[in-house]
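Architecture at a glance
Here is how the chains run, residue by residue.
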Amino acid sequence: MSDKTGIPIEDFAAAAKDTGDLGLPEYAGGKVEGYLFPGRYNLDPNGSASDILKQMVARFVQYAESSGLESKAEEADLEPAKVITLASLVQAEGGKPSDLPKISRVIYNRINIGMKLQFDTTLLYALGERRLAVTVADTKIDHPYNTYQHAGLTPGPISNPGEDAIEAALDPEDGKWLYFVATDPTNKVTKFAETYEEHAKNEREFEEWLAKQGGN
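Numbering of residues begins from 1 in every chain and follows the order in which that chain's sequence is written. At least 70 in pLDDT is required for a residue's local features to be given in this predicted model, at least 80 for side-chain atom pairs to be given and counted, and no such filter applies to totals for whole chains, interfaces and linings, which use all residues. Each side-chain value is worked out from all heavy atoms of the structure, with water and hydrogens disregarded.

Here we look at the side chain of Ser88
Selection criterion: Each helix is a run of H or I in the DSSP string that is no shorter than four residues. Each strand is a run of E no shorter than two, and both are numbered from the N terminus. For each residue, the accessible area found with a 1.4 Å probe, counting protein chains only, is set against the maximum for its type, and the residue is called buried under 20%, exposed over 50%, and partly exposed in between. In what follows, a contact means two residues having at least one pair of non-hydrogen atoms within 4.5 Å.
Counting through the fold element by element, Ser88 comes out in helix α5 (residues 80-93). You can call Ser88 buried: its relative accessible area is 0%. Filtering out sequence-adjacent residues up to four positions away, Ser88 remains in contact with Pro157, Ile158, Ser159 and Pro161.

Below, the structure written as structure tokens:
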């Protein structure tokens, strides 16, 4: 947002911490992560960082009200904040929109059997980094957002999910998948598997793709 508006990053960081006037829903817990609705915005060229965040939160609130988010969450036996947290994982892990309900199902399936999510995206969120792969050492860090170490959902959202991801969180596709991997991130190809053996084969495809990129 700083790159697009010319407003210093520090201003956005400060506005994200001083959330009292942003209009966040009560279940956001005073945090903007997860509630800055993605989309196109007509921005006031003289607007402040706080004005922009307020506009994005307002778009989320508008969507939540028009879509009946709270009532749908209740029907799914989930708190609204949990829906947004789950949707943020779906958004962060997702490639094509058609994959999102399947990724959501993987999350449900793993949680239902007590299996750790082990998502790189949550670990990289904890580390404050962006890359395609993590190391074994990375997976050992003690952090509440490290889903290699902690079971269940993260304490809060790790991204700002859009409508497709939120709908996927509320209505996952039927299936028994426990694994998925982006075998070709460039073309957003994701493969799903029910067994570890099948998943291992898909993992090798990703490793081959990664090797062709120079390992980066």
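Brief notes about the nonpolar core
The line we're drawing: In plain words, nonpolar cores are sets of buried Ala, Val, Leu, Ile, Met, Phe, Trp, Tyr and Cys residues tied together by side-chain atoms within 4.5 Å.
Core analysis: the largest hydrophobic core is formed by 46 residues, its most contacted members being Phe60, Leu69, Val90, Ile107 and Ile166. The set of elements that each furnish at least two residues to this core consists of α2 (9-17), α3 (49-67), α4 (69-75), α5, α6 (100-112) and α8 (163-170). Among the elements that make up this core, the one with the highest residue count is α3 (eight residues). Setting aside residues up to four positions removed in sequence, Leu69 forms contacts with Tyr27, Phe60, Ala64, Val83, Ile84, Ile166 and Leu170.

A closer look at helix α9 (residues 196-212)
Keep this limit in mind: One fewer than the residue count of a helix, multiplied by 1.5 Å, yields its expected span.
For α9, which comprises 17 residues, the first-to-last C-alpha distance of 24 Å matches the rise-based estimate of 24 Å (1.5 Å per residue) to within 8%. Where α9 is concerned, the buried positions are His199, Ala200, Asn202, Phe206, Trp209 and Leu210. Contacts from the buried residues of α9 go to β1 (179-184) and β2 (189-193). Once α9 finishes, Gly214 follows within two positions and takes phi at roughly 90 degrees, a positive value.

Notes on the pairing of β1
Put simply, the rule is: One requirement defines pairing of two strands: DSSP has to find at least two bridges between them.
The buried count for β1 comes to five of six residues, which makes it a mostly enclosed element. Where β1 and β2 come together, five bridges link them in antiparallel fashion. Considered in β2, the bridge of Tyr179 is made with Ala193.

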